[in-house]
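Each chain, written out:
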Amino acid sequence: MGRLSRSKNQKKERAAALQHAQQEFGTVPHSFVFARGRVGRSGRQLVGDVRRVMEPYTARALKVRKSNSLKDFVAVAGPLGVTHFLVFSKSSSSINFKLFRLPGGPTLTFKVVQYSLIKDVVSSLKRHRMHEQQFTHHPLLVLSNFGLQQIHVKLMASMFQNMFPSINVHKVNLNSIKRCLLITYDAETQLLDFRHYSVKVVPVGVSKGLKKLLQEKFPNMSRLEDISELLVKDINLSESEAEQDGTHNVLELPQAYAGRGNMKAQQSAVRLTEIGPRMTLQLIKVEEGLAQGNVLYHGLIHKKEEEVEEILARKEAKLQLKAERRRKQEADVERKRRQREAHRSAAGVSAGSAARAGSAAEVDAAAAQTRREKSLAGIQKKRRRDGGDSDAEDPGAPEQPEAAEASSSESDAEYYRQEVGEEPDKDLFPDRAKRKRSPSGAAPLRKRRRRDGPPEHPAGPGKRRQGEPVPRDSRDRGAAARKRKRRRAERPARDGGKRGAARPKARGKLLAKGKTIFGRPGRAKKGKKG
């Protein structure tokens, strides 16, 4: 039962610690560090190094597209709890650094006079101290020479302090302080020095040899006669191992610190090793809002109070004009909405009258059609009474192509009698008047005979020679094929059942409707050859 109780207690403690860590993580400041525009390779590396300084409360793998605007970052900053933007940009003369405070500003604009990357600082050191455990906690911020009474100096100090979580000196855990960020202001040159250090604590009050033994580093003892000399004398130590500790960095630890010999209430020395990046900044201006408000301070341009008042009055007038336009626009929208509602109500009232007006229009159209029909009937009646010319065109009567079709049918039957010598069947040449006409109203074309002699090439695809009849519609080809099949079935009966019976000599050969005896050069001819 003891193990179960311990495991339950451990689960409760872990859950409580996780909840506390989440609450603490949500209350501390967070930041976005990114670049706007083209900053070059060194500029991108500088952005990455500043992100290392701001860890762990920053977006380490933030991706920025060219199409992203500042409004896009502001839109996602609220849900994520981001309070500061550190934005780098590059102009033709220098690199600029802007510090935004969300959500309402202000905005500080700096000019990066000089900078060094982490790799440059580390390569210049003989022994550097930088490991991943140092970046699990935020750095300790140290501000120097920011006690001036100028408003822009106080504003800079407040902005830098709010970038990092606050520290309670009575409850802080010394083991969480692994890095230090030092920002120094020079009142004469008005420049800021940005430095990033690694913190190391070593015990003092013992010999250098004993310190090396505590750190599990064994010095060269080949010239020593006794081990006591190593504890009493500082010999056989290289110059790089020489320490220069003094009153400026020696203190009494209020807590036990990580490392051998760093005990509570013991003297220890604090050593700083620069790990980069390094920047020299110059304040250019301070603005209200997110780079869109009034200029509170400008480091290069100084204006008189009258000029400042004039600028403020001009801006106030512009804001008033914008507000007046907004009110006018809202009034116009409301007026149009009321007009639409009034129009809809009027349309509902007049719906019955509109229906009555529509029925009257239909009655007028029917009366006009009746008058037109009576007029045409009167014209036809007068022509029949007067016995006028039958060839005269009746404007109201439909076309009468029955006579032409009957004459065409009679000519085909006469030709069949002359060629075959027998009377044609009734269904071989049906009455043309009973056939369906084409949608265009044109009469169907007659068959034509194949002429004797060498074949000639047609004038061309889609063209017709002079005197050549127009081919029949393709929709009549099925009827022609059925007629040819019926004729072949009737031939043995007419010839007395003899397959080789003599047939009268024909002047030409009948072709199916829509067929032609001539084809394109190099292609097979349509129709059967006799």
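Criteria and cut-off values
The numbering scheme is per chain: residues are counted from 1 as the chain's sequence reads. Local features in this predicted model are restricted to residues of pLDDT 70 or higher, and side-chain atom pairs are both shown and tallied only at a pLDDT of 80 or more, whereas totals for entire chains, interfaces and linings draw on every residue. Side-chain numbers come from the whole structure's heavy atoms, not from hydrogens or water. Numbering goes from the N terminus for both helices and strands, where a helix is a DSSP run of H or I of at least four residues and a strand is a run of E of at least two. Using a 1.4 Å probe on the protein chains alone, a residue whose accessible area is under 20% of its type maximum counts as buried, one over 50% counts as exposed, and one in between counts as partly exposed. Contacts were defined at the residue level, with two residues in contact if any of their heavy atoms lie within 4.5 Å. Using the Shrake-Rupley algorithm and a 1.4 Å probe, accessible areas are obtained, with residue cover drawn only from the displayed protein chains. Here a patch means residues that are over 30% exposed by relative accessible area and free of salt bridges, tied together within 9 Å if like-charged and within 5 Å if nonpolar (Val, Leu, Ile, Met, Phe, Trp, Tyr). One speaks of a salt bridge when a side-chain nitrogen belonging to Lys or Arg is within 4 Å of a carboxyl oxygen belonging to Asp or Glu. We count Lys and Arg on the positive side and Asp and Glu on the negative side, and we leave His and both chain ends out. Just so you know, the charge point we use is NZ for Lys, CZ for Arg, CG for Asp and CD for Glu. By definition, pLDDT measures how confident the predictor is in each residue, and it falls between 0 and 100. Note on pairing: DSSP must find at least two bridges between two strands before they are called paired. For a crossover, the right-handed case is the one in which the path from the first strand over the helix to the second runs clockwise, viewed with the strands pointing away from the viewer. Classification of ring pairs uses Phe, Tyr and Trp, with its six-membered ring standing for Trp, and accepts pairs whose centres are within 6.5 Å; under 30 degrees between planes counts as stacked, over 60 as edge-to-face, and the remaining range as tilted. Whether a charge lies above a ring is judged from NZ of Lys or CZ of Arg, which has to be within 6 Å of the ring centre and within 35 degrees of the ring normal. Expected span, for any helix, means 1.5 Å times one less than how many residues it has. For the purposes of this section, nonpolar cores are sets of buried Ala, Val, Leu, Ile, Met, Phe, Trp, Tyr and Cys residues that join through side-chain atoms within 4.5 Å.

1. Remarks on the overall build of the protein
When helices and strands are tallied, the protein shows 11 helices and 11 strands. The 530 residues of the protein split such that 25% are buried. Once local pairs closer than 6 in sequence are excluded, the contacts in the protein between residues at least 24 apart make up 65%. Element-wise, carbon and sulfur atoms account for 52% of the exposed surface of the protein, whose accessible area totals about 37,600 Å².

2. Concerning a positive patch on the surface
A contiguous patch of positive charge, built from K381, K382, R384 and R385, is present on the exposed surface. Along the chain, the position of K381 falls in helix α9 (residues 351-386).

3. Details of the confidence of the model for the protein
This prediction gives the protein a mean pLDDT of 77; 68% of its residues lie at or above 70. This stretch, residues 235-243, has a pLDDT under 50; its non-local contacts, to residues over four places away or in other chains, come to 15 contacts.

4. Considerations on the pairing of strand β6 (residues 179-186)
As defined by bridge partners, strand β5 (residues 140-144) adjoins β6 across five bridges and the pair is classed as parallel. Paired with L141 across the bridge in β6 is L181. The handedness of the β5 to β6 crossover, carried by helix α5 (residues 151-161), is left-handed. Pairing geometry for β6 and strand β7 (residues 191-203), over eight bridges, is antiparallel. Residue pairing across strands places T184 opposite D193, the latter belonging to β7. Connecting the antiparallel pair β6 and β7 is a turn made up of four residues, with Q190 showing a positive phi of about 55 degrees.

5. What to know about the pattern of salt bridges
All chains considered together, the criterion is met by 11 salt bridges. In this structure, E287 engages K285 in a salt bridge whose closest nitrogen and oxygen atoms are separated by 3.8 Å. For K285, a relative accessible area of 23% gives the class partly exposed. The salt bridge partner of R314 is E310, with a shortest N-O separation of 3.5 Å.

6. Some points on the packing of aromatic side chains
What the rule picks out here adds up to nine aromatic pairs. A ring pair is formed by F34 and F85, whose centres lie 5.7 Å apart and whose planes are at 75 degrees; its orientation type is edge-to-face. In this pair, F34 sits in strand β1 (residues 31-36) while F85 sits in strand β2 (residues 84-90), placing the two residues 51 residues apart along the sequence. Every member of this aromatic cluster is reached through a ring pair, and the members are F88, F97, F110, F146, F160 and Y185. Taking NZ or CZ as reference, R52 lies 3.9 Å from the ring centre of F135, over its face.

7. Things to note about the pairing of β2
Burial analysis of β2 places five of its seven residues in the buried class, the great majority of the element. Two strands pair when backbone bridges link them, and β1 and β2 are joined in this way by six bridges, in the parallel orientation. Across the sheet, A35 pairs through a bridge with F88, a residue of β2. The pairing of β2 with strand β3 (residues 95-101) spans seven bridges and is antiparallel. Note that in β3 the partner of K90 across the bridge is I95. The loop that links β2 with its antiparallel partner β3 comprises four residues.

8. Re the side chain of E287
When you line up the elements, E287 lands in strand β10 (residues 278-287). Assessed through its relative accessible area of 6%, E287 is described here as buried. Discounting residues that sit within four places of it in the chain, E287 has contacts with P106, T107, T109, Q292, G293, N294, V295 and L296.

9. Let's talk about unusual backbone geometry
The omega torsion across E55 and P56 is 5 degrees, close enough to zero to call that bond cis. You can see P56 is positioned in the loop between α2 (40-54) and α3 (70-80). In this structure, P277 follows G276 across a cis peptide bond, with omega equal to 5 degrees. Within the fold, P277 resides in the loop between β9 (267-274) and β10. Here the phi dihedral of Q190 falls at roughly 55 degrees; this positive angle occurs in a residue that is not glycine. By the element assignment, Q190 lies in the loop between β6 and β7. Judged by its relative accessible area of 35%, Q190 falls in the partly exposed class. Despite not being glycine, A291 has its phi angle at roughly 60 degrees, a positive value.

10. Thoughts on a negative patch on the surface
Taken together, the side chains of E305, E306, E307 and E309 present a region of like negative charge at the surface. With respect to the helices and strands, E307 occurs in helix α8 (residues 305-349).

11. What to know about α2
Residues separated by three or four positions in an α-helix point in the same direction, a consequence of the helix having 3.6 residues per turn. Here α2 spans 21 Å end to end across 15 residues, near enough to the 21 Å set by a 1.5 Å rise per residue. Turning to α2, its buried residues number three or more, namely G43, L46, V47, D49, V50, R51, V53 and M54.

12. Description of the nonpolar core
Ranked by internal contacts, the top residues of the largest apolar core, which has 35 residues, are F88, F110, F146, M156, F160 and L192. In contact with F146, not counting residues within four places along its chain, are V153, M156, A157, F160, I183, T184, Y185 and L192.

13. Considerations on the environment of N173
Tracing the backbone through its elements, the reader meets N173 in the loop between α5 and β6. Overall, N173 belongs to the partly exposed group, its relative accessible area being 41%. Between the C-alpha atoms of N173 and Y257, which are 84 residues apart in sequence, the distance is 9.1 Å.

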